[in-house]
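Listed here are the chains, written in short residue letters.
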Amino acid sequence: MTSISEDSDKEKVRSVSVDLNNDASLVIDIPDALCERDKVKFTVHTKTTLSSFQKPEFSVPRQHEEFIWLHDTIVETEEYAGLIIPPAPPKPDFEGPREKMHKLGEGESSMTKEEYAKMKQELEAEYLAVFKKTVQVHEVFLQRFSSHPIFRKDRNFQIFLEYDQDLSVRRKNAKEMFGGFFKNMVKSADEVLISGVKEVDEFFEQEKTFLLDYSSKIKDATAKAEKMTRSHKNVADDYNHISGALNSTAADNNTAFKKTISVCVLQKLEDRVASDQELKLTELLRYYTRDIQAAKDLLYRRARALADNENSNKALDKARLKGKDIAQAEENQKQCLQKFDKLSESGKKELTSFKARRVVAFRKNLIEMTELEIKHAKVRRLKSNNTLYGSKLSIFLLCQKSLGY
Amino acid sequence: ISSSSNGPKAEPMLLDHDPDDLFAEATEEVSLDSPERQMILSDGPSPAITPVTINPRADVFDRSPDQDEDEEENRDTFDIQISVSDPEKVGKTSLSIFSRDEVCVKRRFSDFLGLHSKLASKYMHIGYIVPPAPEKSIVGQRLGRRSSAVTELDPDAKACLCCRYLLRTVKQPALLKDPDVLQFLESSELPRAVSTQALSGAGILRMVNKAADAVNKMTIKMNESDAWFEEKQQQFENLDVQLRKLHASVESLVFHRKELSVNTASFAKSAAMLGNSEDHTALSRALSQLAEVEEKIDQLHQDQACADFYLISELLGDYVRLITAVKGVFDQRMKTWAKCQDAQVMLQRKREAEAKLQHANKPDKLQQAKDEIREWEGKVQQGERDFEQISKNIRREVGRFEKDRVKDFRVVIIKYLESLVHTQQQLIKYWEAFLPEAKAIA
């Protein structure tokens with residue numbers, strides 16, 4: 001069981017949320033989380049001045065499935081069709097550290113004690129990193145709701161925050177999973193729909209072009225960034241092995257080797273760089289890939305509404321021609337138009353604020369990432385310089401000695 | 001004349017002469033004065049001969065008064081600089097060596113092998129550590145991968161390997177004087193070293209001998225009277241294991257760093273495309289700049305991988321092979337001891353035979369027996385002398401080896417650290433240039 005508590009590091013860890021907790025009337029965070037085997041239990045902590053809540057401050061334990069329940073419920077709420085629904089947080093993935101732990105267990109006999117301890121330490125650090133990441137992503141998910149004027153009032157959201165019993169969210173059974181799969185298939189057909197629909201509004205035309213293109217590019221960038229980060233981790237791992245091997249050779253009483261070991265302290269820094277890069281850049285890209293998808297979903301819903309609108313117009317014309325069911329068709333058409341207009345209006349607002357949010361988040365993360373890179377490079381340079389100086393000095397002294405000075 | 005851009009230049013290696021060294025006097029004659037080095041283009045069928053320079057220089061230091069052969073070594077040194085640059089493949093690898101006598105020689109890879117086998121047969125059995133032959137291909141094992149890959153070395157690496165081999169060879173005072181070595185370095189035509197081909201008769205004979213040696217090693221149970229040897233042998237066993245492990249780790253590092261470089265380049269392209277797609281102008285520009293930074297970093301990774309490889313990995317590989325040679329020399333000592341023992345056994349037998357003959361009273365055979373006894377007494381004496389000599393040589397060689405090892409590693413570590421410092425310097429520069437771009441996003 002691992003837990004993290006209130007951590008000043010968390011401020012830095014919160015990489016993609018930008019000022020989401022501005023409004024003091026509803027402040028949400030996840031100060032604590034427990035990991036039991038496969039399950040992560042998040043402690044969702046709320047502080048509020050809103051009267052709609054029973055208490056001003058409270059905490060509830062929630063599991064990942066309950067977050068998904070909340071997301072799906074919101075998605076299915078017709079009323080929110082014109083809003084960008086915050087993307088669901090991905091499932092906590094401890095596969096990496098778990099695999100490493102397995103390897104560690106297998107290789108225990110073939111390693112020295114120091115190597116084993118070092119690998120174990122590394123493993124724990126990786127575990128912690130994954131942990132922090134998943135907490136952060138769940139936290140941001142909730143904060144998107146709390147900072148949104150419409151979502152924060154949602155009844156299901158409030159239940160999620162307040163209800164101190166288990167929400168008894170069943171795991172999706174086979175039928176529902178299949179249904180979900182079917183829904184995804186339909187969704188990709190909607191890509192065609194979105195691109196196919198005749199757009200009169202220039203704003204949406206532009207948005208459509210932009211989002212479709214950007215979506216594929218950011219997916220690609222995310223994948224490449226992940227690959228790069230993984231490679232970086234591999235390099236750090238290698239340094240770990242090297243320093244382990246050097247440790248055993250240094251028992252050989254050779255100062256030259258000892259010097260190289262300090263070089264391998266650099267390994268530790270490589271590792272830090274790898275996980276900082278991971279957190280800043282990769283997480284940013286990952287998050288916005290999902291967010292872009294949510295924006296696309298909004299476009300889809302609007303496109304659907306537009307299609308419906310057109311259909312209702314056609315139906316009305318037909319009814320007028322036939323002289324039958326005119327009132328009904330008129331009513332239908334009015335409703336469709338209303339829905340479409342509403343979607344367009346809120347959609348425009350959402351997409352505009354989305355762009356602003358995205359730009360701010362990128363800026364913040366790029367700056368932080370760059371500052372970290374500089375900081376780490378400076379430390380590595382300092383360490384290398386010191387070791388270098390030490391080595392040169394010792395050679396100089398050795399030469400002096402052998403020349404008889 | 002083009003020179004290899006990737007491989008580092010060979011280092012001038014210092015030669016230390018032991019005052020006890022029989023050849024110490026002789027080497028001084030070889031010290032050459034230092035006129036200008038002249039580059040001469042090779043005339044020969046193979047194109048693109050790149051300059052290789054041997055640049056001996058005599059630097060004479062004051063002789064240290066301390067004659068202790070274990071500690072202070074005579075600093076009567078001279079520097080030989082050999083650099084080998086990239087060969088072009090003309091059927092086989094060929095190298096040009098410029099000597100100061102303005103002789104340009106071309107050497108095939110198999111020539112190196114031939115030189116090695118000659119030196120090995122001459123010197124190993126008396127206890128000199130002969131640098132192992134360069135290998136055409138390496139069997140490398142990647143950490144985490146189950147299979148070992150046999151990779152043909154690229155020409156640059158091969159050239160460096162041959163160069164280091166030569167340098168190590170000439171560092172050995174005895175070997176430097178060896179006529180074969182001198183011929184190798186200077187004469188324009190070398191008889192084709194046919195016996196180095198793997199499947200030749202000589203090659204097969206070598207393999208058989210190797211197998212026989214291995215068997216013998218297992219059967220010879222030597223009474224080690226000298227604790228120094230026992231200790232050293234153990235040390236070298238340990239060192240062998242450790243270096244191999246280290247080497248494997250470093251090879252893995254090189255591999256992963258190359259992979260990192262590829263992935264960084266790929267990310268850079270992707271970021272550039274993302275930047276193009278981005279409709280917010282300032283962010284778009286920042287993303288393009290990010291892509292450029294990552295491209296530069298990719299280049300840094302490549303350079304670092306080269307440093308990793310050429311400095312550390314190759315050095316480790318060399319030492320793994322050298323230690324095999326060292327162990328071989330210890331084995332030779334065992335063989336010598338065994339020979340000595342055998343001779344003693346023979347002598348004993350002859351003496352017993354003689355005693356028997358005395359009783360049997362066969363005067364003619366008796367004389368023969370007495371002759372044989374004398375012969376074997378001589379052999380025993382020779383065997384003991386050989387054993388003493390080889391033991392002495394080995395002690396000296398091991399001392400020299402260890403000093404060289406420390407020096408080699410120190411030099412390499414310093415270079416490596418310098419490369420690391422440089423990399424960090426560049427990284428700082430790139431990211432500091434990018435920071436204002438990121439801040440400019442509005």
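About the cut-offs
Residues numbered from 1 in each chain as written. Chains lettered and ligands numbered in written order. Predicted model: local features only at pLDDT ≥ 70, side-chain atom pairs only at ≥ 80, totals over all residues. Heavy atoms only, no water. Helix = DSSP H or I, 4+ residues; strand = E, 2+ residues; numbered from the N terminus. Buried < 20%, exposed > 50% of the residue type's maximum accessible area, 1.4 Å probe, protein only. Areas by Shrake-Rupley, 256 points an atom, 1.4 Å probe, with all protein chains shown as cover. Contact = heavy atoms within 4.5 Å. Buried area = accessible area lost by both parts, 1.4 Å probe. Salt bridge = Lys/Arg side-chain N within 4 Å of Asp/Glu carboxyl O. Polar contact = N/O pair within 3.5 Å; in protein donor to acceptor, adjacent residues only side chain to side chain. Pairing = 2+ DSSP bridges. Phe/Tyr/Trp six-rings, centres within 6.5 Å; stacked < 30°, edge-to-face > 60°. Lys NZ or Arg CZ within 6 Å of the ring centre and 35° of its normal. pLDDT = per-residue confidence, 0-100. Axes fitted to C-alpha atoms, helices over the stretch in contact; angles between N-to-C directions. Parallel < 35°, antiparallel > 145°, perpendicular 65-115°, else oblique. Left-handed = near helix turned anticlockwise from the far one by under 90°. Nonpolar A, V, L, I, M, F, W, Y, C, P; charged D, E, K, R; others polar. Core = buried A, V, L, I, M, F, W, Y, C linked by side-chain atoms within 4.5 Å. UniProt positions renumbered as here; feature names shortened; annotations may be inferred. Patch = residues over 30% accessible without salt bridge, like charges linked within 9 Å, V, L, I, M, F, W, Y side chains within 5 Å.

**Student:** Any chance you could break down the overall build of chain B for me, citing the residues and the numbers?
**Tutor:** What chain B contains, in helices and strands, is nine helices and ten strands. The buried share of chain B, taken over its 442 residues, is 50%. In the form shown here, chain B has an accessible surface area of approximately 22200 Å², with 53% of it arising from carbon and sulfur atoms.

**Student:** With reference to specific residues and values, describe the interface of chain B and chain A.
**Tutor:** In this assembly, 54 residues from chain B lie in contact with 63 residues from chain A. Taken together, both faces of the contact between chain B and chain A bury some 5600 Å²; the carbon and sulfur share is 68%. When the buried area of chain B at its contact with chain A is split by residue, Leu 274, Arg 410 and Trp 431 of chain B rank highest and sum to 11% of it. Between Asp 279 of chain B and Arg 358 of chain A there is a salt bridge, and its shortest N-O distance comes to 3.8 Å. For the pair chain B and chain A, the interface holds 18 residue pairs in polar contact (both at pLDDT 80 or more). Contributions of two or more residues to the side of chain B that touches chain A are made by helix 7 (227-277), helix 8 (281-360) and helix 9 (363-439) of chain B.

**Student:** Go over unusual backbone geometry, please, and point to the residues and values.
**Tutor:** The residue Asp 325 of chain A is not glycine, and still its phi comes out positive at about 50 degrees. Turning to its location among the elements, Asp 325 of chain A is positioned in the loop between helix 9 (265-322) and helix 10 (326-402).

**Student:** With reference to specific residues and values, describe the pairing of strand 4 (residues 57-63) of chain A.
**Tutor:** Residue and element names in this part refer to chain A. The alternating pattern of strand 4 places Phe 58, Val 60 and Arg 62 on a buried face and Glu 57, Ser 59, Pro 61 and Gln 63 on a face that is not buried. With seven bridges connecting them, strand 3 (residues 39-48) and strand 4 associate as antiparallel partners. Opposite Thr 43, over in strand 4, you have Pro 61 as the bridge partner.

**Student:** How would you summarise the packing of aromatic side chains if you had to cite specific residues and measurements?
**Tutor:** Under the criterion given, the structure shown has 22 aromatic pairs over all chains. Taking the centre distance of 5.8 Å and the plane angle of 35 degrees together, the rings of Phe 53 of chain A and Phe 58 of chain A count as tilted. Given a relative accessible area of 5%, Phe 53 of chain A falls into the buried group. Taken together, Phe 42, Phe 67, Tyr 80, Phe 141, Phe 145, Phe 151, Phe 157 and Phe 160 of chain A form an aromatic cluster joined through their ring pairs. Positioned above the aromatic ring of Phe 229 of chain B, the side-chain terminus of Arg 333 of chain B is 3.5 Å from the ring centre. The ring of Trp 376 of chain B is capped by Lys 379 of chain B, whose NZ or CZ atom sits 4.1 Å from the centre of that ring.

**Student:** Can you lay out the side chain of Thr 282 of chain A for me, pointing to particular residues and giving the numbers?
**Tutor:** Along the chain, Thr 282 of chain A turns up in helix 9. At 3.3 Å, the side chain of Thr 282 of chain A and the side chain of Thr 229 of chain A are in polar contact.

**Student:** Describe the confidence of the model for chain A, and please don't skip the residues or the numbers.
**Tutor:** Interpretation of this model should avoid reading the predicted coordinates in detail wherever pLDDT is low. Mean pLDDT for chain A: 80, with 76% of residues reaching 70 or above. Ignoring residues within four places in sequence, the model shows residues 1-15 of chain A, a span with pLDDT below 50, making 40 contacts including any to other chains.

**Student:** Before we move on, could you go through the packing of helix 2 (residues 64-76) of chain A against helix 4 (residues 113-146) of chain A and cite the residues and values that matter?
**Tutor:** Residue and element names in this part refer to chain A. Across the interface, helix 2 lies against helix 4 with an axial gap of 11 Å and an inter-helix angle of 30 degrees. With respect to helix 4, the element helix 2 is oriented roughly parallel. Once helix 2 is placed against helix 4, the crossing between them reads as left-handed. Where helix 2 approaches helix 4, its residues His 64, Phe 67, Leu 70, His 71 and Ile 74 are matched on the opposing element by His 138, Phe 141, Leu 142 and Phe 145. Class assignment of the residues belonging to the contact of helix 2 with helix 4 gives a composition of six nonpolar, three polar and no charged.

**Student:** Explain the environment of Thr 49 of chain A residue by residue, including any values.
**Tutor:** Residues and elements named next belong to chain A. Within the secondary structure layout, Thr 49 lies in the loop between strand 3 and strand 4. For the pair Thr 49 and Val 27, spaced 22 residues apart in sequence, the C-alpha to C-alpha distance is 9.2 Å. The residues touching Thr 49, leaving out its near neighbours within four places in the chain, are Ala 24 and Ser 25.

**Student:** Pulling in residues and values, what's your account of the pattern of salt bridges?
**Tutor:** Residues and elements named next belong to chain B. Evaluated as defined, the whole model comprises 30 salt bridges over all chains. Here Asp 318 and Arg 321 are joined by a salt bridge, their closest N and O atoms 3.0 Å apart. Placement of the pair is Asp 318 and Arg 321 together in helix 8, with a separation of three residues, close to one helical turn. A relative accessible area of 6% means that Asp 318 is categorised as buried. What makes Arg 321 buried here is its relative accessible area of 15%. Ionic pairing is found between Asp 371 and Arg 374, a salt bridge with its closest N-O pair at 2.8 Å. With Asp 371 and Arg 374 both in helix 9 and three residues apart, this pair spans about one turn of that helix. In this structure Asp 371 comes out as partly exposed when scored by relative accessible area, which is 35%.

**Student:** So what about the nonpolar core? Which residues, and what values?
**Tutor:** Within the largest apolar cluster, 111 residues are counted, with the highest numbers of intra-cluster contacts made by Leu 285 and Phe 362 of chain A together with Leu 243 and Trp 431 of chain B. Take this core: its biggest share by element is 24 residues, from helix 8 of chain B. Among the nonpolar cores identified, the runner-up in size contains 29 residues, and Ile 74, Val 130, Phe 160 and Leu 161 of chain A belong to it.

**Student:** Summarise the packing of helix 7 of chain B against helix 8 of chain B; cite the residues concerned and give the values.
**Tutor:** All names here are of chain B. Viewed as axis vectors pointing N to C, helix 7 and helix 8 meet at an angle of 165 degrees, and their least axial separation amounts to 7 Å. Between helix 7 and helix 8, the angle is such that the two are roughly antiparallel. The handedness of the crossing between helix 7 and helix 8 is left-handed. Taken together, the residues that form the contact of helix 7 with helix 8 break down as 28 nonpolar, 13 polar and 13 charged.

**Student:** Outline the UniProt feature "coiled-coil region" (unreviewed entry) in chain B, listing residues and values.
**Tutor:** Mapped onto the present numbering, the UniProt feature "coiled-coil region" (unreviewed entry) falls at residues 366-393 of chain B. Within residues 366-393 of chain B, the helical portion is 100% and the strand portion 0%, while the C-alpha atoms at the span's ends are 40 Å from each other.

**Student:** Describe the pairing of strand 2 (residues 26-36) of chain A, with residues and values.
**Tutor:** Residue and element names in this part refer to chain A. With nine bridges connecting them, strand 2 and strand 3 associate as antiparallel partners. If you follow Cys 35 over to strand 3, its bridge partner there is Val 40. Between strand 2 and strand 3, which pair antiparallel one after the other, the connecting turn spans two residues, and Arg 37 there sits at a positive phi close to 50 degrees.

**Student:** Tell me what's going on with the environment of Ser 25 of chain A, and back it up with residues and numbers.
**Tutor:** Residue and element names in this part refer to chain A. Relative to the helices and strands, Ser 25 resides in the loop between helix 1 (9-13) and strand 2. With a relative accessible area of 13%, Ser 25 lands in the buried category. Along the chain, Ser 25 and Lys 47 lie 22 residues apart, while their C-alpha atoms are 7.6 Å from each other. The residues contacting Ser 25, other than those within four sequence positions of it, are Lys 47, Thr 48, Thr 49, Leu 50 and Arg 152. At 3.3 Å, the side chain of Ser 25 forms a polar contact with the side chain of Arg 152.

**Student:** Outline a nonpolar patch on the surface, supporting the account with residue identities and numerical values.
**Tutor:** Taken together, the side chains of Ile 204, Met 207 and Val 208 of chain B make up a nonpolar region of the molecular surface, amounting to roughly 280 Å² of accessible area. By the secondary structure assignment, Met 207 of chain B is in helix 6 (residues 201-219).

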